[in-house]
Amino acid sequence: MAETPHTEAHAHAEHDHDHKPHGWRRWVFATNHKDIGTMYLVFSCIMFFTGGAFAMMIRAELFKPGLQIVDAGVFNSLTTMHGLVMIFGAIMPAWVGLANWMIPIQIGAPDMALPRLNNLSFWILPFAFVLLLSSWLVPGSAPAGGWTMYPPLTLQFGASFPMLIFAIHMMGISSILGAINVIVTIMNLRAPGMTLLRMPLFVWTWLITSFLLVAVMPVLAGAVTMLLTDHFFGTSFFNAAGGGDPVMFQHIFWFFGHPEVYIMILPGFGVVSEIIPAFSRKPLFGYEAMVYATASIAFLSFIVWAHHMFTVGLPTSALLFFMFATMLIAVPTGVKVFNWTATMWRGSLTFEPPMLFALAFLFLFTIGGFSGLMLAMVPADFQYQDTYFVVAHFHYVLVSGSAFAIIAGVYYWLPKWVGRMYDMTLAKWHFWLSAIFFNVLFFPQHFLGLAGMPRRIPDYAVQFADWNMVSSIGGFVFGLSQLLFPYIIWKCVRSGQRVEGTRAWDGARGLEWELPSPAPYHSWTIPPTEAMIARGAEH
Amino acid sequence: MEAPQRTRQPVRIVICPNCSLSLRGAALFFGGLCLFCLTLAGVLALMGMWPVLPFAGLEMLLVGWALHASLARRYRSEIITLTESDVSVESRDRARCQLTVFQRHWAQVKLRRPASQLHPSRLTIESHGRQCELGSFLTDEERYGLALRLQRLIGRINESPSLASGPK
């Protein structure tokens, strides 16, 4: 054991509030929640651009009819890998990164409850994605049956099949470990005085998200294990020839998959619920209603899975049940949208980049919600199923609901993390380019879907050519404009103007804004006072 | 110049981990979670998809372990009492209560960094070949802060700084 020298250096270290390890060990052996949060966010950014590159290739191929750039097999692999990488590699790790950074400092805890488990849950991820992405190199190329992995198509993959299954297992383990850590931290490490109904909404939404993760991840693990045993061990869970039922896979996949959608969106609700009050200079309207609405959405997410599979031949009673249950989700979601709007009502609004992205979230997510209601109607869904209308719908929900909320959260908390303010002008450019070209990219896909263009095809009839070209142009500009995001962060870290005081935004409330900027490496080693908690909990 | 001695009362430091979850709350929470997840997995198993069940079971074991590991903190406490002559450490956990007394003049505080960063640091008070570990339930950063405070109060070996000027 190396002994710590008993020198004055320690006293300085305390004043700096630092004492962090240096070099590669700081990251490989990281147990500090801020370091692990940073690693999650950097990893997520890399995966976002990896998945984005796949999307650019998809849009390039679809720029005009015919096969120009890739063959049909590679195109199918691109759509599959784009989905897997964006969902499991970009969005989910970004949320876990924000949770790692913010939850301990928002509840007054010195760190996550299980820091070594936290380290493990992060370091599983890079290996999972190296495994998944290296499947491009094996015979038969990468998985090509869609991110939903439906049998029997998925069972026909080559060497990439076991790689996919093992990678999914690793991502699942990582998610479960992260979720358990979040649950235990929120339940057991809240500072004295930080009652459940004083917690910031980002913490609430993450708590509920963690329950969803814990509930549904074993279902995904079981489902992909059954695929594995069907493929290699001669079982017939989903093999009709052996007495199995391929539709059953769809049931259990979507029993996981629909809550998964909310896993990606609920933390976004939390972020937006922090940002809108801060830039409206008003407390959040209906804090408790927001909590209950989030819990209701989470509950309803367990009983709507079959709206993803209306066309498989369900009994009428089941169709009706799932249609009405799906429509019911509009009620708590409507409560949320109303409360965000009411928070802004007669507020002193300003439009800094976090607020702009939060407003884009509100507006665009609502459009995605409305197209979701259209898809919930069984007779209409029979027409829309597997068309570009569905693609437009879920991108409106996931890109604006998750990606925009993540970007809003980063722009909101970045000054707290690094103690410097970013270039507002560039960030506003980032916003306007993103918001405009997001719509150029995805809105025409509604028209394409309504006109009958099927999804997951590399070639299409000439009648769809114009809107596909518009969509591709939107995609290229939207994709390229995202390069501004890491540049803005890099520039901020390197040379951003220093933030004076604890609050980067005058309307910001919460324990994180009681800490100095940048947030000390070790925060809340002495719990916050009641007055600090009360100031933050002015709902 | 030495600070004027305002008081000679002992300095008492109580270290106990913050636990916002009660045992009853944890039991209810864990029971509810198990009920929900295992019922779900059980229904799927009855429908023939039994591989979901072992994964759900394993996950509940992991949740149980995580709660247990985090809740184990609530039974731990250490009371460090410093007088002009002595340093006493009363360590309590679920099963025992142990009192260790050192002569303050000869006692020293040591924070040992582990050989591997996978292991936590260790904070001890030592004197005359005896040692007593402190704050093993704290995070590394909390332990570091405690070490700094104790080093100021206890001083190096063969030192006894005035308690009157030290933090309470």
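## What to know about the overall build of chain A
Each helix and strand in chain A was counted, giving 18 helices and three strands. Against the 2.2 N^0.38 benchmark of 24 Å for 539 residues, chain A shows a C-alpha radius of gyration of 23 Å, consistent with a compact globule. Overall, the C-alpha framework of chain A stretches about 75 × 60 × 45 Å when taken along its three principal axes. For chain A, with 539 residues in total, the buried portion stands at 61%. Put simply, of all contacts in chain A between residues at least 6 apart along the chain, 82% involve residues at least 24 apart. A total accessible area of about 19500 Å² is found for chain A, and carbon and sulfur atoms account for 70% of it. Here chain A contributes 24 positively and 26 negatively charged side chains, and the mean placements of these two sets differ by 6 Å.

## Side note on the packing of helix 11 (residues 330-344) of chain A against helix 12 (residues 353-376) of chain A
Residue and element names in this part refer to chain A. Two elements in contact, helix 11 and helix 12, have axes separated by 12 Å at closest approach and are oriented at 150°. Relative to helix 12, the element helix 11 lies roughly antiparallel. Viewed along their axes, helix 11 and helix 12 form a crossing whose handedness is left-handed. Only Met-355, Leu-359, Phe-361, Leu-362, Phe-365, Thr-366 and Leu-373 of helix 12 make contact with helix 11, whose side of the interface consists of Ala-330, Thr-333, Val-337, Trp-340, Thr-341 and Met-344. Classifying every residue of the contact of helix 11 with helix 12 by side-chain character gives 10 nonpolar, three polar and no charged.

## Comments concerning the sheet that holds strand 2 (residues 77-82) of chain B
Two orientations exist for strands paired in a sheet by backbone hydrogen bonds: parallel and antiparallel. Residues and elements named next belong to chain B. Read across the sheet, four strands follow the order 1-2-3-4 without closing on themselves; strand pairing throughout is antiparallel. Strands at the two margins of the open sheet, each flanked by one partner only, are strand 1 (11-15) and strand 4 (97-103). Across the sheet, the axes of successive neighbouring strands diverge by a mean angle of 15°, strand direction being ignored. Looking at chain direction, strand 3 (residues 86-92) and strand 4 are connected through seven bridges and run antiparallel. Across the sheet, Ser-88 pairs through a bridge with Val-101, a residue of strand 4. Against the sheet, helix 3 (residues 140-154) engages strand 1, strand 2 and strand 3, with an angle of about 165° to strand 1.

## Thoughts on the packing of aromatic side chains
Residues and elements named next belong to chain A. In total, this model carries 53 aromatic pairs over all chains according to the counting rule given. Centre to centre, the rings of Phe-161 and Phe-232 are 6.1 Å apart; their planes meet at 40°, and the pair counts as tilted. Pair noted here: Phe-161 is in helix 6 (residues 160-188) and Phe-232 is in helix 7 (residues 201-232), with a separation of 71 residues, a long-range link. For the pair Phe-285 and Phe-338, a centre-to-centre distance of 6.0 Å together with 75° between the ring planes defines the contact as edge-to-face. Here Phe-285, found in the loop between helix 8 (246-280) and helix 9 (287-300), pairs with Phe-338, found in helix 11; they are 53 residues apart in sequence, far enough to count as distant. Since its relative accessible area comes to 40%, Phe-285 is described here as partly exposed. For Phe-338, a relative accessible area of 52% translates into the label exposed.

## Notes on the environment of A:Val28
Residue and element names in this part refer to chain A. Mapped onto the secondary structure, Val-28 falls in helix 2 (residues 24-28). Among the residues examined, Val-28 registers a relative accessible area of 32% and is labelled partly exposed. With 92 residues separating them along the chain, Val-28 and Leu-120 place their C-alpha atoms 9.8 Å apart. Dropping the residues within four chain positions of it, Val-28 is found in contact with Asn-119 and Trp-123.

## Overview of the packing of helix 8 of chain A against helix 9 of chain A
Residue and element names in this part refer to chain A. Running from N to C, helix 8 and helix 9 point in directions that differ by 170°, and their axes come no closer than 11 Å. Relative to helix 9, the element helix 8 lies roughly antiparallel. Two secondary-structure elements touch here, helix 8 through Tyr-262, Leu-266, Phe-269 and Ser-273 and helix 9 through Met-290, Thr-294, Ile-297 and Ala-298. Classifying every residue of the contact of helix 8 with helix 9 by side-chain character gives six nonpolar, two polar and no charged.

## Examining the environment of B:Arg12
All names here are of chain B. As for its position among the elements, Arg-12 is in strand 1. Each C-alpha atom of the pair Arg-12 and Leu-61 lies 39 Å from the other, and the pair is 49 residues apart in sequence. Excluding anything up to four places from it in sequence, Arg-12 contacts Ile-79, Ile-80 and Thr-81.

## Some details on the pattern of salt bridges
The full count for this structure, using the stated rule, is 13 salt bridges over all chains. With a closest N to O distance of 2.6 Å, B:Arg112 and B:Glu126 form a salt bridge. Pair noted here: B:Arg112 is in strand 5 (residues 108-113) and B:Glu126 is in strand 6 (residues 122-127), with a separation of 14 residues, a long-range link. Judged by relative accessible area, B:Arg112 falls into the buried class, the value being 16%. Of the residues examined, B:Glu126 reaches a relative accessible area of 11% and is grouped as buried. What you see here is one network of salt bridges that share partners, running through A:Arg503, A:Glu514 and A:Arg535.

## Quick look at the nonpolar core
Core analysis: the largest hydrophobic core is formed by 203 residues, its most contacted members being A:Phe88 and A:Phe129. Top contributing element to this core by residue count: helix 4 (residues 72-107) of chain A, with 21 residues. Core analysis: the second largest hydrophobic core is formed by 25 residues, B:Leu82, B:Cys132, B:Phe137 and B:Ala147 among them.

## Quick look at the confidence of the model for chain B
The predicted model of chain B has a mean per-residue pLDDT of 84, with 89% of residues at 70 or higher. Segment residues 1-5 of chain B: pLDDT under 50, and three contacts once partners within four positions in sequence are set aside and those in other chains are kept.

## Thoughts on helix 9 of chain A
Residue and element names in this part refer to chain A. Between its first and last C-alpha, helix 9 extends 20 Å over 14 residues, near the 20 Å set by a 1.5 Å rise per residue. What helix 9 keeps buried is the set Tyr-287, Met-290, Val-291, Ala-293, Thr-294, Ile-297, Ala-298 and Leu-300. Those residues of helix 9 hidden inside the fold are in contact with helix 7, helix 8, helix 10 (316-328) and helix 11.

## Brief notes about unusual backbone geometry
Note: most residues except glycine have negative phi, and most peptide bonds are trans. Residue and element names in this part refer to chain A. Note the cis peptide between Pro-151 and Pro-152, where omega equals 5°. With respect to the helices and strands, the residue Pro-152 is situated in the loop between helix 5 (115-133) and helix 6. Non-glycine residue Asp-386 carries a positive phi angle of around 60°. Judged by its relative accessible area of 39%, Asp-386 falls in the partly exposed class.

## Topic: the interface of chain B and chain A
Put simply, an interface is often sized by how much accessible area is lost when its parts join up. Counting residues at the interface gives 47 residues for chain B and 51 residues for chain A. Carbon and sulfur atoms supply 67% of the area buried between chain B and chain A, which totals about 4500 Å² over both sides. Taken together, the connections running from chain B to chain A amount to zero salt bridges. Where chain B meets chain A, there are seven residue pairs in polar contact (both at pLDDT 80 or more). Put simply, the parts of the chain that give the side of chain B that touches chain A at least two residues each are helix 1 (23-46), helix 2 (52-71), strand 5 and helix 3 of chain B.

Criteria and thresholds
Residues numbered from 1 in each chain as written. Chains lettered and ligands numbered in written order. Predicted model: local features only at pLDDT ≥ 70, side-chain atom pairs only at ≥ 80, totals over all residues. Heavy atoms only, no water. Helix = DSSP H or I, 4+ residues; strand = E, 2+ residues; numbered from the N terminus. Rg over C-alpha atoms; globule rule 2.2 N^0.38 Å. Buried < 20%, exposed > 50% of the residue type's maximum accessible area, 1.4 Å probe, protein only. Contact = heavy atoms within 4.5 Å. Areas by Shrake-Rupley, 256 points an atom, 1.4 Å probe, with all protein chains shown as cover. Lys, Arg positive; Asp, Glu negative; His and termini not counted. Charge placed at Lys NZ, Arg CZ, Asp CG, Glu CD. Axes fitted to C-alpha atoms, helices over the stretch in contact; angles between N-to-C directions. Parallel < 35°, antiparallel > 145°, perpendicular 65-115°, else oblique. Left-handed = near helix turned anticlockwise from the far one by under 90°. Nonpolar A, V, L, I, M, F, W, Y, C, P; charged D, E, K, R; others polar. Pairing = 2+ DSSP bridges. Phe/Tyr/Trp six-rings, centres within 6.5 Å; stacked < 30°, edge-to-face > 60°. Salt bridge = Lys/Arg side-chain N within 4 Å of Asp/Glu carboxyl O. Core = buried A, V, L, I, M, F, W, Y, C linked by side-chain atoms within 4.5 Å. pLDDT = per-residue confidence, 0-100. Expected span 1.5 Å × (residues − 1). Buried area = accessible area lost by both parts, 1.4 Å probe. Polar contact = N/O pair within 3.5 Å; in protein donor to acceptor, adjacent residues only side chain to side chain.

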